[in-house]
Amino acid sequence: MMHRACIALLFVAVAAHAQHDHAAPATPVTATSPHVPPDPPAHLPEPMTPAQMVSMMQMDDAAAFGSVTFDELEWREHDDAFAWKAMARYGGDYNALVLKTEGESASDSHSRNELLWDRAVARWWNLQAGIRYDEGAGPSRTWAAIGIEGLAPWWIDFEATLYIGDQGRSAVRLEARHDVRFTQRLLLQPLVEMNAYGKDDLERAVGSGLSDVTAGLRLRYEFNRQFAPYMGVHWNHLFGSTADLASAEGRDKGEVQFVAGLRVWF
Amino acid sequence: MIHSRRRFVQGVAGAAGLLVLPRFAMTALQAARGSVLSGTQFDLEIGELPVNYTGAARTAVAVNAQVPGPQLRWRQGEEVTIRVTNRLAVSTSIHWHGLIVPADMDGVPGISFHGIAPGETFTYRFRVNQSGTYWYHAHSRFQEQVGLYGSIVVEPRDGERHRADREHVLLLSDWTDRDPEQLYRALKVHPGIFNYGKRTVADFAHDVDTRGWSATMAERSMWNRMRMDPTDLADVSGHVYTYLINGQTPAGNWSATFGRGERVRLRIINGSSMTFFDVRIPGLQMTVVAADGQDVEPVSVDEFRISPAETYDVIVTPADDRPYTFFAQSMDRSGYARATLTPRPGLEAAVPAMDVRDTLSMADMGMTHGGMDHGAHAGHSMTMATHAPAEHGPGVDMTVDMPSTRLDDPGVGLRNNGRRVLTYADLHSLGGPIDARAPAREIELHLTGHMERFLWSFNGEKFSEAEPLRFRYGERLRIVLVNDSMMTHPIHLHGMWSEVESPDSAFQVRKHTVTVQPAQRLSYLVTADALGRWAYHCHLLYHMEAGMFREVIVAADAKVRA
């Protein structure tokens, strides 16, 4: 008993700070069960930094993870094109580096590539800021990007990004998609995307205003949640002065094509 | 064929196909009856062990080359010495779950001690002052998930309160062939990945058909605007888990014998990492006599839910000369564990079909208007909740403004199922509280998280973001838990008992692990009579790793808010 009290005092001494205002410990009264409080610890681990503690506990709730997701990795019937839309992410719960790339490899290959810092700012929304680089279909363009990505009501994945380029160029891109579940493995994904530009960029056959709208409908089968082949339709249509430019060049203003591909992440 | 056999072994298929035991199950059956170690001196060796539960060769972390580890049988009042040697390549630890031991013997690396380094032997020594059913498990990363757990039975100094002719320990667990690190990463990247019970277009059509268009749309609208999933009952499911009893798969069918008319005490321990089990023995009433090792007023039930880390002792009296199936289905009905109680070895009884998978209801959202579809309303109390600023940040996906106590709510999947289901309102510890003082202080903690980010916390702060909780040595305090999430969380305070209160603040039951249902507000009293540093966390292992953890410091000079 004496021994225990000594250790208790030692603990108090070790734990004590500048203020010596600790009251005498109150003893539990009228214990009706045979509960016996534990002896004070005989050995105390020396003070540790949070980092040391996390490493000793092997419990790191702020660890970073990396992932790569190909939402679309597909063959498009028209022009026999190969197209992709992918996202790579590395980071923790609140901050991450995100690489987005989307494009088509055909007679006129083109891609949109964005490197963004992604920060969780609200319950369902992340703020994303970084750079965008467009390649193909004319001279390359570089933009500063800022936007939001998140989950809208009714489980709609939504992205809205504003881009500012050189020579006073600006652009807006919106995208929304949703999964309709027929069974636990068979899902239909409707998708809508639209682009608008602040001014004409004739070298890239882009006119100011709403330039194009893309809609997709992809039916996938999830062999597991990481591997899902799909097929579907991909519709896109040009609008406004962009459509006029296409007509002038003898190109179609819109097309509907069959697609087949793979949705995969790892 | 391989696939169907795998499903069968996991216990997701019915028992109709039970004709031939797979060979590996037979060998496992012979190998792992489990050993019992008793006395006061113990030598435990933690090492890797090749195992095969599903047809796939895997490596478990075992104690004395057994999964579960050997049962430790102690006597109340004795001092035990346990020398634990680490034969792994990584650090390890053993925590004595539910046993009140000195802080440096509690086995939490970084809090109680430094952990046990590879090749090192750590000696635990403490007096066992309590009796009952407990368990031990690793407190190092995912070692508990891969096999480092075992049962502890402490025989009371003056004999058991309830006479039994024989007793059996049933230790439930969840095994995965996948690397737990991979599972954790998968949950972080795509949190719904293991849920194969999501709502479909067909469910919608069915609901419209049975409930009508407007009622269905109103219900869907509510969930979909909140962006919450009413089918989100388990983060890790039978899709990747095989549920075990004493290390046996459902096909392995762990069996225990009884004599007709005998009183048989079953010590049931949930040693799983992520699985809530709903336990019943068709044809037998179970009389619950202890919860978390603490004797309770006996209560007879048909079924009870056991959360990870909880233990229940029940007494059954099989009257017929026939086998009975011990059936433990996971809360999300994605699989089950199964064992057999039989008068003679080799017999087995029918295995019931799993219940239909339930969905979360309005009650689970803290909304009582419209759809509180469980009958019991007695003992309810509703309180307006206020939330910490961090709960309105990006790390928390919902808050509950009107949580209710509803101790008498058996929980999702067990409401109105026609069986007598145990609830916390039925549990009354014998002998009263350990401390009759009224609490002088109250600490309110909200159980928070974000499903889409797979992030878990208290008050919107992960372990790495939060200051330790400070208890003043000797004080009696009230902890109020408000569950601001759509998941059920078993909350475990190390070193001190959690004495759960009834809605009118009367002592109810003494526990080491307290289950809090979605939108529930539950309180318990704690006597801070354990000096030192302690762990306090959700006992869903992947929630703990994701941040649902706090350190508690009990010190005489603790600066606490009144």
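Residues numbered from 1 in each chain as written. Chains lettered and ligands numbered in written order. Predicted model: local features only at pLDDT ≥ 70, side-chain atom pairs only at ≥ 80, totals over all residues.

Asker: How should I be thinking about the overall build of chain B in this particular structure?
Answerer: A tally of regular secondary structure across chain B gives 6 helices and 31 strands. The C-alpha radius of gyration of chain B comes to 22 Å, within 12% of the 24 Å expected for a compact globule of 562 residues. For chain B, the spread of C-alpha atoms along the principal axes amounts to about 65 × 55 × 45 Å. Of all 562 residues assigned to chain B, the portion counted as buried reaches 57%. For chain B, long-range pairs separated by at least 24 residues make up 78% of all intrachain contacts whose partners lie at least 6 apart in sequence. (Helix = DSSP H or I, 4+ residues; strand = E, 2+ residues; numbered from the N terminus. Rg over C-alpha atoms; globule rule 2.2 N^0.38 Å. Buried ≥ 20, exposed ≤ 12 C-beta atoms within 10 Å, placed from the backbone. Contact = placed C-beta atoms within 7 Å.)

Asker: Can you help me understand unusual backbone geometry in this one?
Answerer: Peptide bonds are, in most cases, trans, and in most cases residues other than glycine have a negative phi. Cis rather than trans, the peptide bond between Val 67 of chain B and Pro 68 of chain B has omega equal to -5°. Assignment of secondary structure puts Pro 68 of chain B in the loop between strand E3 (58–63) and strand E4 (71–75). Not every positive phi belongs to a glycine, and Gln 167 of chain A is a case in point at roughly 55°. For Gln 167 of chain A, the location among the structural elements is in the loop between strand E7 (156–165) and strand E8 (170–177). Positive phi, normally seen in glycine, also occurs at Asn 246 of chain B, with a value near 50°. Tracing the backbone through its elements, the reader meets Asn 246 of chain B in the loop between strand E11 (241–245) and strand E12 (254–257).

Asker: How should the sheet that holds strand E25 (residues 489–493) of chain B be read in this particular structure?
Answerer: Residues and elements named next belong to chain B. The sheet built from 5 strands is open, its strands ordered E23-E31-E30-E25-E28 with mixed pairing. Each edge of the sheet is formed by a strand with only one pairing partner; in this case those strands are strand E23 (469–472) and strand E28 (513–516). Put simply, the sheet's adjacent strands are angled 20° from each other on average, direction ignored. In this structure, E25 lies alongside strand E30 (residues 532–538), joined through 3 bridges in antiparallel fashion. Each bridged residue has a counterpart across the sheet, and for His 492 the counterpart in E30 is His 537. (Pairing = 2+ DSSP bridges. Axes fitted to C-alpha atoms, helices over the stretch in contact; angles between N-to-C directions.)

Asker: Looking at this model, I keep getting lost on the environment of Ala 62 of chain A. Mind explaining?
Answerer: Looking at the secondary structure, you find Ala 62 of chain A in the loop between helix H2 (50–57) and strand E1 (65–76). A sequence separation of 31 residues divides Ala 62 of chain A from Asp 93 of chain A, and the C-alpha atoms of the two residues are 7.0 Å apart. If we ignore the near neighbours within four places in the chain, the residues touching Ala 62 of chain A are Gly 92 of chain A together with Ser 464 of chain B.

Asker: Explain the sheet that holds strand E26 (residues 498–501) of chain B here, please?
Answerer: Picture the strands of a sheet paired through backbone hydrogen bonds; they go either parallel or antiparallel. Residues and elements named next belong to chain B. Strand order in the open sheet made by the 6 strands is E22-E21-E24-E29-E26-E27, with mixed pairing throughout. Whereas interior strands pair on both sides, the edge strands pair on one side only; in this sheet they are strand E22 (455–458) and strand E27 (507–511). Averaged over all adjacent pairs, the angle separating strand axes in this sheet is 25°, with direction ignored. By the bridge criterion, 4 bridges tie E26 to E27 in an arrangement that is antiparallel.

Asker: Would you mind going over the packing of helix H4 (residues 201–211) of chain B against helix H5 (residues 213–226) of chain B with me for this structure?
Answerer: The relative placement of two packed helices is expressed as an angle between their axes plus a distance between the axes. Residue and element names in this part refer to chain B. It is the contact of H4 with H5, at a shortest axis distance of 7 Å, that shows an interaxial angle of 130°. Between H4 and H5, the interaxial angle falls into the category oblique. Across the interface between the two elements, Phe 204, Asp 207, Val 208 and Arg 211 from H4 touch Trp 213, Ala 215 and Thr 216 from H5. A class-by-class count of the residues in the contact of H4 with H5 yields 4 nonpolar, 1 polar and 2 charged. (Parallel < 35°, antiparallel > 145°, perpendicular 65-115°, else oblique. Nonpolar A, V, L, I, M, F, W, Y, C, P; charged D, E, K, R; others polar.)

Asker: Is there a simple way to think about helix H3 (residues 180–189) of chain B in this case?
Answerer: Residues separated by three or four positions in an α-helix point in the same direction, a consequence of the helix having 3.6 residues per turn. Three or more residues of H3 of chain B are buried, namely Pro 180, Leu 183, Tyr 184, Ala 186, Leu 187 and Lys 188 of chain B. On the buried face of H3 of chain B, the contacting elements are E1 of chain A together with strand E10 (166–176) and helix H6 (541–545) of chain B.

Asker: How do you make sense of the nonpolar core when you look at a structure like this?
Answerer: As a rule of thumb, soluble globular proteins bury nonpolar side chains together. Core analysis: the biggest nonpolar cluster contains 155 residues, and Ile 152, Leu 170, Val 288, Val 314, Ala 328, Val 526 and Val 554 of chain B have the highest contact counts within it. Once you skip the residues sitting within four places of it in the chain, Val 554 of chain B turns out to touch Phe 471, Tyr 473, Ala 528, Ala 530, Leu 531, Gly 532 and Trp 534 of chain B. If you look at the next biggest cluster of nonpolar residues, it comprises 7 residues, including Tyr 163, Ala 171, Tyr 197 and Val 206 of chain A. (Core = buried A, V, L, I, M, F, W, Y, C linked by C-beta atoms within 7 Å.)

Asker: Quick question: what am I supposed to make of the interface of chain A and chain B here?
Answerer: Think of interface size as the accessible area that goes away when the parts come together; that is how it is often given. Listed as interface residues are 57 residues of chain A and, on the opposing side, 59 residues of chain B. Contributions of two or more residues to the side of chain A that touches chain B are made by helix H1 (2–15), H2, E1, strand E4 (110–122) and strand E9 (180–181) of chain A. Considering every element that reaches the side of chain A that touches chain B, the biggest residue donor is H2 of chain A, with 5 residues.

Asker: What am I meant to see in the confidence of the model for chain A here?
Answerer: Close inspection of predicted coordinates is inappropriate in any region flagged by low pLDDT. Looking at chain A as a whole, its pLDDT mean stands at 88, while 88% of the residues score no less than 70. In this model, residues 1–32 of chain A is a region of pLDDT below 50 whose contacts with residues beyond four sequence positions or in other chains number 40 contacts. (pLDDT = per-residue confidence, 0-100.)

Asker: How should I be thinking about the pairing of E8 of chain A in this particular structure?
Answerer: The side chains of a regular strand alternate between both faces of the sheet. All names here are of chain A. Sheet topology places E7 next to E8; 8 bridges connect them, and they run antiparallel. Bridging from a neighbouring strand, Leu 162 pairs with Val 172 of E8. As consecutive antiparallel partners, E7 and E8 are separated by 4 residues, and within that stretch Gln 167 has a phi angle of approximately 55°, a positive value. Summarising the sheet, E8 and strand E10 (residues 186–197) pair through 7 bridges and their orientation is antiparallel. Across the sheet, the residue bridging to Ala 176 is Val 192, located in E10.

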